Amino acid sequence: MSVIYVLLAISLVVAIIFFAAFIISVRQGQYDDAYTPSVRMLFEDELVKPVKETGNTVKSEE
Amino acid sequence: MTKADTCFHCGDPCERQLITFDEKSFCCAGCKTVYEIFSTNDLSLYYELQDAAGTTPKEIEGKYDFLDNEEIISKLTEFNDGNIQIINLYIPTIHCSSCIWILENLNKLNKHVTNSQVDFPKKTIRVTYKQDNFSLKNLVLLLTKIGYEPYISLEDFEGKKKVSDRSLIYKLGVAGFAFGNVMFLSFPEYFDLNSNAASGGEYWLNKYQDLFRWMMFFFALPVVFYAGWDYFVSAYKGLRAKLLNIDVPIALGILVLFLRSTFDIAFDLGSGFFDSLTGLVFFLLLGKFFQQRTYSFLSFERDYKSYFPIAITRLTTSGKEETVPVQEIEKGDRILIRNEEMIPVDGTLVYGNAQIDYSFVSGESEPVAKEIGEQVFAGGKQLNGVIEIVALKSVSQSYLTQLWGNAVFKTDKATAFQNLTDSIGKRFTIAVLSIAFISTAFWLFYDPSKAMNVFTAVLIIACPCAIALASPFTLGNMLRIFGKKKFYIKNTQTIEQLAKIDTAIFDKTGTITTTQKSTAHYEGMPLTAEEESILKNTIRASNHPLSRSLYDLLKEQNIITLDEYEEHVGKGLESSKGDINMKIGSANFVGKTMTNNLQDTSMYISSNNAYKGRYIFKNQYRDGLSTVFKNMSDSLHLAILSGDNEGEKSRLEALLPKLTPLYFNQKPEHKLEFIKSLQDQGKKVLMVGDGLNDAGALAQSNVGIAISENINVFSPACDAILDASKFQQLYSYILASKKAMRIIKMSFMLSLLYNCIGLYFAITGQLEPVIAAILMPLSSISIVIFTTIMTNLIGRKLS
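The residue numbering used here restarts from 1 in each chain and proceeds along that chain's sequence as written. Chain labels run from A onward and ligand labels from 1 onward, assigned in the order the entries are written. Under the rules for a predicted model, residues below a pLDDT of 70 receive no local features and side-chain atom pairs below 80 are neither given nor counted, while totals for whole chains, interfaces and linings still include all residues. Note that the side-chain values use all heavy atoms of the structure and ignore hydrogens as well as water.

A. Spotlight on the overall build of chain B. Under the DSSP-based scheme used, a helix requires at least four consecutive residues in state H or I and a strand at least two consecutive residues in state E, with every element numbered from the N terminus. Helix and strand counts for chain B stand at 28 helices and 28 strands. Should any heavy atoms of two residues lie within 4.5 Å, those residues are counted as being in contact. In chain B, 67% of the contacts between residues at least 6 apart in sequence involve partners at least 24 apart.

Given below as C-alpha cells:
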C-alpha cells in the first residue's frame, strides 16, 4: 500500500470534517447575523465583571 | 454646544427642561429614570461603550393591554410551553453597540429573563423568559421603560414567519470546498505539463494521475448538480419562454466543461477542466451572494398591516372594555383609542378631544383637530388622550386598506424588466453558437479528428462568466455604497432601472417639504414684551408638537416662573403671571369664533380674554430644493403631484424651475393613473413620495423612492428608501447609477477581450487545459477587481 493513499485519505477526512462543521454552523443559523457576534465578542470581559461584584451590590444603591 | 447642556442619556439638547441628577444633566424625567435603572443595576458601562447612547422612553399607559390576551400571546411567541416563552421582537431604536450590550444584559434588570440575544442588522431581539409572575406584557413594558419600545404590528400577528433562505450559503460552501480541493489535486498537472507515462516524466505523478483525476471528477459532481443547478433551471425556463438569457451560455458552458472533462479523463486524453469548472461556479455564486445584500431591518414591502395594531379595545353595550383582534371589528362597534394609538378603521368620533396625526397617510405632520360627530379615517394616530369612535366599516373596507386591493401591488416589477446582462446575453449566445458551429464545420473539412475538440473548446472558453460577474459585483457594491450614504435600495435591478429614468414625479407634503421644521408667521395685534415672555415660558412646558415647533421659532426669553400654569388636554394652555392671563391654543379655547379658513394650522393667543392673534404654521421646503430641481431639470422631466389644495402654488412656482407642471388635489388613485399614463407614453418614471397615499404611485412607477425622516419608523411599499437628510443628493445618486451601468459596459468590453484571446486558442485547436486554467480565473478575478475599484471611486465622489 502506498503512503499516498493514506495521505490523501487523511487530507480528505480533514477537509470533510471542516465541510461538515460548515454545514452544521449554517444550519444552526450562525451565518444569519454576521455583525452582532463581532460586537458581542468585545463585551465578553465586561460581562463577567458585574457578576463578581454581585457580592457587594448594595454600595451602588446609594 | 458644551457637554453640560446635552442630555447624558440621549444626547439631545436640554433646552426645554434641565434635570440635574448625580452631577449629570438630563433632558427629561424619562431619560433620568433610565439612567437610574442602569446605574443601580451595575449597568452604567452602557454609557462608557458609547456616549449618549440612549433613547428617550415613551409614555405608554394601556397601549399593550392586548398582550394579556392568551390567543395573541400564543400567535406572537416562537416557543411557549406554559413555563418558558421565547419571543422575537423588532426594536427600531437599536442603533449602536451600547444597545446590543444593554439588551443582552436584560437578565440583570429582571431575573425572569433567562437569555436575550440581539440581531443587530435586523434590529431584533430574541428573549427567553420564565413565565411565573412575568408575562410578555411585562417584558414589553420593561423594554419600553429603558427606551427600547418594540414594534408589534398586525403583520407579526398573521404569523408569516420568514424562513431565511440559506441555500445560497450552502451552495457557495459546496462550490468553494470543491474548488479548493480540485485546485489542490490539479497541482501535479500544473507542474508536470508535458509529460506522460509514455514519454517518461515524473514517475509518481504519472502513477497516481488517474487517482487524482477521478477524485477531481467526484468533487465536480456536487458542484455541477447541486451548486450550479440553478443555472440549468434558469436556462431551461428561459428557453421554454423563448428567451435567450445570460444563463443559457453559462449553463451550456458548465455542461460542456463537465462532459468534455469527463470524456478526457475517461479516455485518458488529458486532465480535463475541473479546476476551471469549479472555480467558475464558485465565482458565479460569489457574485450572486454579493448581489443578494439586503437591508433586512428595513421593509420595502410594507403594506398597511405593518402599521396597524394587533388588537383594539372594544366597548361592549354594557360599557365594559374588551380586547379583540383588529380583524374582528364590525360596522357599528364602539372602539376606544388611547393616546399614541392608531385608528384602525374609518369611524365617527363620539367622545374625546381628537388631535389626529395623519402623517402615515398623507405625509402632513401637523395634527388635525376633530370635533365630536366628525369622521376620522384609518391610519391616523391619536395624539391627545383617549377618544372613542364608532366604526363605519370593517378594517378591510377602509379608505386606507382599499388602495391595497389595486392590481399594481400584486405585480412583480423585477420579472417585467429585462436587465442589461440578459439583453447582452442574447446576442452573446447567438455569436458564440455561430462561432462554434462555423469553426467546427471548418475543422470537419480540414481535420475531422480535431472538430469535436474545437467545438467544445469554443463553448468552454467563451463561457461568459466574466460578463455574468460584472453586473452582480458592480451593482452589489453600489448597493452597499448607497446604503452607507443612507440611500437604501431593495435590489440591484433598481439601480439599473434608476439609471434609465427620464421623468421624475414628486409628491409635495412630506416629500419636498420637511416635517421636522415648520415656519410660522404671526397675524394679529402685536404682543407686548411681557406677553411674549409669558408666551414662550408657557409653551416651554408643553409637549404638544405645535408648541414644540413654535417654541423653537420664538425669540429667546429669560426663564421666568409662572404664577399659574394649566394644560387643557386637546384645547390649549392657560397661564398667568402678574396681572396677565394668557390662553394659547385652539380658536374655541381662546374665545375666537372659527373663521372659514380651515386649511392652515394655527395656534390662537388671547391675553386677559381678549383675542390677540394667531401663529399660522406653514410647511418648510427642504434645504436646497430649488438647486436639486434645477440640476434635475437638465436631463429629466419633472412634475409635482400633490394631494393638497393649491394654496402653496405661487410659493412652489417661485422655487422650482419654470414650467414645472404642478398638479394639486390628487387622490391616491389619480397619482397611480398619472404615472401609468406617462408610462404608456414610453416614459421611465421615478416617483418620489412618502405617505401611504403615494403607495399606489410608488408601486406603479419604474422606481419608487420613499423619503423618510426616520427610516425605521415608516415607509410605504417602494423600491428604495432615502433618508430625508440626503434629499439634496438625490440627483447625484441617479447620476451614480448611470455611471455604474457604464462600468458594467466597460467590464463587458474587458471580458470580450479575454474571450477573443481565448477564442483564438480554441478555434485554432490549441486549447490546452492550462490555457483555460489561466484565462478563466484571470478574466473573472480581473473583472471583480476592476468593478470594485471603479464603484469605490464613484462612491468616494458622493458626499
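Structure's up, so let's keep going.
B. Spotlight on the overall build of chain A. Within chain A one finds three helices and zero strands. Counting from the amino terminus, helix and strand elements in chain A follow one another as α-α-α. Burial status across chain A gives 23% buried among its 62 residues. Only carbon and sulfur atoms are counted for the fraction: they give 67% of the accessible area of chain A, which is about 4700 Å². Partly exposed describes any residue whose relative accessible area lies between the buried limit of under 20% and the exposed limit of over 50%, with all areas from a 1.4 Å probe on protein chains only and scaled to the type maximum. Throughout, the Shrake-Rupley method with a 1.4 Å probe supplies accessible areas, and for residues the shown protein chains are the sole cover considered.

C. Focus on the packing of aromatic side chains. All names here are of chain B. Aromatic rings from Phe, Tyr and Trp, taking only the six-membered ring of Trp, are treated as a pair when their centres fall within 6.5 Å; an angle between ring planes under 30 degrees marks them as stacked, one over 60 as edge-to-face, and anything in between as tilted. On inspection of all chains with the given rule, the structure shows 42 aromatic pairs over all chains. A ring pair is formed by Phe217 and Phe258, whose centres lie 5.8 Å apart and whose planes are at 15°; its orientation type is stacked. Here the residue Phe217 occupies a position in helix H10 (residues 209-227), and Phe258 occupies one in helix H12 (residues 247-266), the gap between them amounting to 41 residues. On the accessibility criterion, Phe217 (13% relative accessible area) is buried. Overall, Phe258 belongs to the buried group, its relative accessible area being 7%. With centroids separated by 5.5 Å and ring planes inclined at 70°, the aromatic side chains of Tyr760 and Phe761 adopt a geometry described as edge-to-face.

D. View of the pairing of strand E10 (residues 347-351) of chain B. All names here are of chain B. Alignment of E10 against strand E13 (residues 375-376), held across two bridges, turns out to be antiparallel. By the bridge assignment, Gly347 is partnered in E13 with Val376. We treat two strands as partners when DSSP finds at least two bridges between them. Relative to strand E15 (residues 387-391), E10 runs antiparallel, the two sharing four bridges. Residue pairing across strands places Thr348 opposite Val390, the latter belonging to E15.

E. Focus on the sheet that holds E13 of chain B. Sheet architecture is open: six strands sit in the order E8-E7-E9-E15-E10-E13 (chain B), paired in antiparallel fashion. The open sheet has two edge strands with one neighbour each: strand E8 (321-325) and E13 of chain B.

F. Representation of the interface of chain B and chain A within the structure. Across the boundary between the two partners, chain B contributes 32 residues, which contact 28 residues of chain A. Accessible area that two parts lose when put together, evaluated with a 1.4 Å probe and summed over both, is termed the buried area. Roughly 2600 Å² is buried in total at the junction of chain B and chain A, and carbon and sulfur atoms are behind 69% of that figure. Here a polar contact is taken to be a pair of N or O atoms separated by no more than 3.5 Å, where protein atoms must pair a possible hydrogen donor with a possible acceptor and residues adjacent in sequence count only if both atoms sit in side chains. Between the two partners, chain B and chain A, sit six residue pairs in polar contact (both at pLDDT 80 or more). Contributions of two or more residues to the side of chain B that touches chain A are made by helix H1 (29-40), helix H2 (45-49), helix H4 (97-104), strand E5 (113-119), helix H8 (167-191) and H10 of chain B.

G. Examining the sheet that holds strand E6 (residues 124-130) of chain B more closely. Residue and element names in this part refer to chain B. Ordered by their spatial adjacency, four strands build an open sheet running E3-E4-E6-E5, and the pairing between neighbours is antiparallel. Both outer strands of the open sheet, strand E3 (79-80) and E5, are each paired with one neighbouring strand and no more. Pairing between strand E4 (residues 84-90) and E6: seven bridges, direction antiparallel. Directly across from Tyr90, in E6, lies its bridge partner Thr124. Angles run from 0 to 180 degrees between N-to-C directions of axes, and those axes are lines fitted to C-alpha atoms, restricted for helices to the stretch in contact. Along the sheet, H4 makes contact with E5 and E6, crossing E5 at roughly 160°. The strands that helix H6 (residues 136-145) touches are E4, E5 and E6; relative to E4, the one it contacts most, it runs at about 40°.

H. Focus on H10 of chain B. Residue and element names in this part refer to chain B. Each residue after the first adds 1.5 Å to the expected span of a helix. If you check H10, its first and last C-alpha atoms are 26 Å apart, about what 19 residues at 1.5 Å a residue would give, namely 27 Å. The seven residues ending at a residue and the seven starting there each receive a fitted axis; the angle between those axes is the bend at that residue. The sharpest bend along H10 comes to roughly 25°, located at Ala220, with the proline Pro222 sitting one to four residues further on. Those residues of H10 lying buried are Gln209, Phe212, Arg213, Met215, Met216, Phe217, Phe219, Ala220, Val223, Val224 and Ala227.

I. Just a positive patch on the surface, in detail. Every patch collects residues that have over 30% relative accessible area and no salt bridge, joining them within 9 Å if they carry like charges and within 5 Å if they are nonpolar side chains (Val, Leu, Ile, Met, Phe, Trp, Tyr). A pairing counts as a salt bridge when a side-chain nitrogen of Lys or Arg comes within 4 Å of a carboxyl oxygen of Asp or Glu. When charges are counted, Lys and Arg are positive and Asp and Glu negative, with His and the chain ends excluded. By convention, the charge on Lys lies at NZ, on Arg at CZ, on Asp at CG and on Glu at CD. Taken together, the side chains of Lys500, Lys684, Lys739, Arg742, Lys745 and Lys797 of chain B define a basic patch exposed on the protein surface. In terms of residue count, the dominant contributor to the positive patch is helix H27 (residues 730-763) of chain B (three residues).

J. Representation of a nonpolar patch on the surface. Judged by side-chain polarity, Val3, Val6, Leu7, Ile10, Val14 and Phe18 of chain A come together as a nonpolar surface patch covering roughly 580 Å² of accessible area. Tracing the backbone through its elements, the reader meets Leu7 of chain A in helix H1 (residues 3-27).

K. Broad picture of empty space enclosed by the protein. Residue and element names in this part refer to chain B. The pocket and cavity definitions rest on a 1 Å grid over protein atoms only: a 1.4 Å probe that fits but cannot leave marks a cavity, an open set with protein on both sides within 12 Å along at least five of seven lines marks a pocket, and residues lining either have an atom within 4 Å of a point. Grid points are joined across faces, edges and corners, and a volume is the space filled by probe spheres set on the points. One pass over the structure, following the stated rule, counts four cavities of 30 Å³ or more. If you add up the space inside the largest cavity, you get close to 90 Å³. Looking at the largest cavity, the residues that line it are Ile461, Cys463, Pro464, Cys465, Ala466, Ser751, Tyr754, Asn755, Leu775, Met776 and Ser779. Elements represented by at least two residues in the lining of the largest cavity include exactly helix H18 (465-484), H27 and helix H28 (769-797). Residues are sorted three ways: Asp, Glu, Lys and Arg are charged, Ala, Val, Leu, Ile, Met, Phe, Trp, Tyr, Cys and Pro are nonpolar, and all the rest, Gly among them, are polar. Taken together, the residues of the lining of the largest cavity break down into eight nonpolar, three polar and no charged.

L. Representation of the confidence of the model for chain B within the structure. Across chain B, the average pLDDT comes to 81, with 89% of residues at or above 70. Here the prediction assigns the complex a pTM of 0.79, and the interface score ipTM is 0.74. pLDDT: the predictor's confidence for each residue, scored from 0 to 100.

M. Structural detail: unusual backbone geometry. Residues and elements named next belong to chain B. Although it is not a glycine, Asp22 adopts a positive phi angle of roughly 60°. Structurally, Asp22 can be placed in the loop between strand E1 (19-21) and strand E2 (24-26). Taking relative accessible area as the criterion, Asp22 reaches 44% and is therefore assigned partly exposed. For Lys123, which is not glycine, the phi dihedral falls at a positive 55°. As for its placement among the helices and strands, Lys123 is situated in the loop between E5 and E6. Classification of Lys123 by relative accessible area gives buried; the value is 10%.

N. Seen up close, the pattern of salt bridges. Residue and element names in this part refer to chain B. Using the criterion set out here, one finds 16 salt bridges over all chains in the structure. Between Arg213 and Asp268 there is a salt bridge, and its shortest N-O distance comes to 3.2 Å. Here Arg213 is found in helix H10, whereas its partner Asp268 is found in the loop between H12 and helix H13 (274-291), with 55 residues between them in sequence. Residue classification places Arg213 among the buried positions, given a relative accessible area of 6%. Measuring nitrogen to oxygen at the nearest pair gives 3.6 Å for the salt bridge that ties Asp264 to Arg260. With Asp264 and Arg260 both in helix H12 and four residues apart, the pair spans about one turn of that helix.

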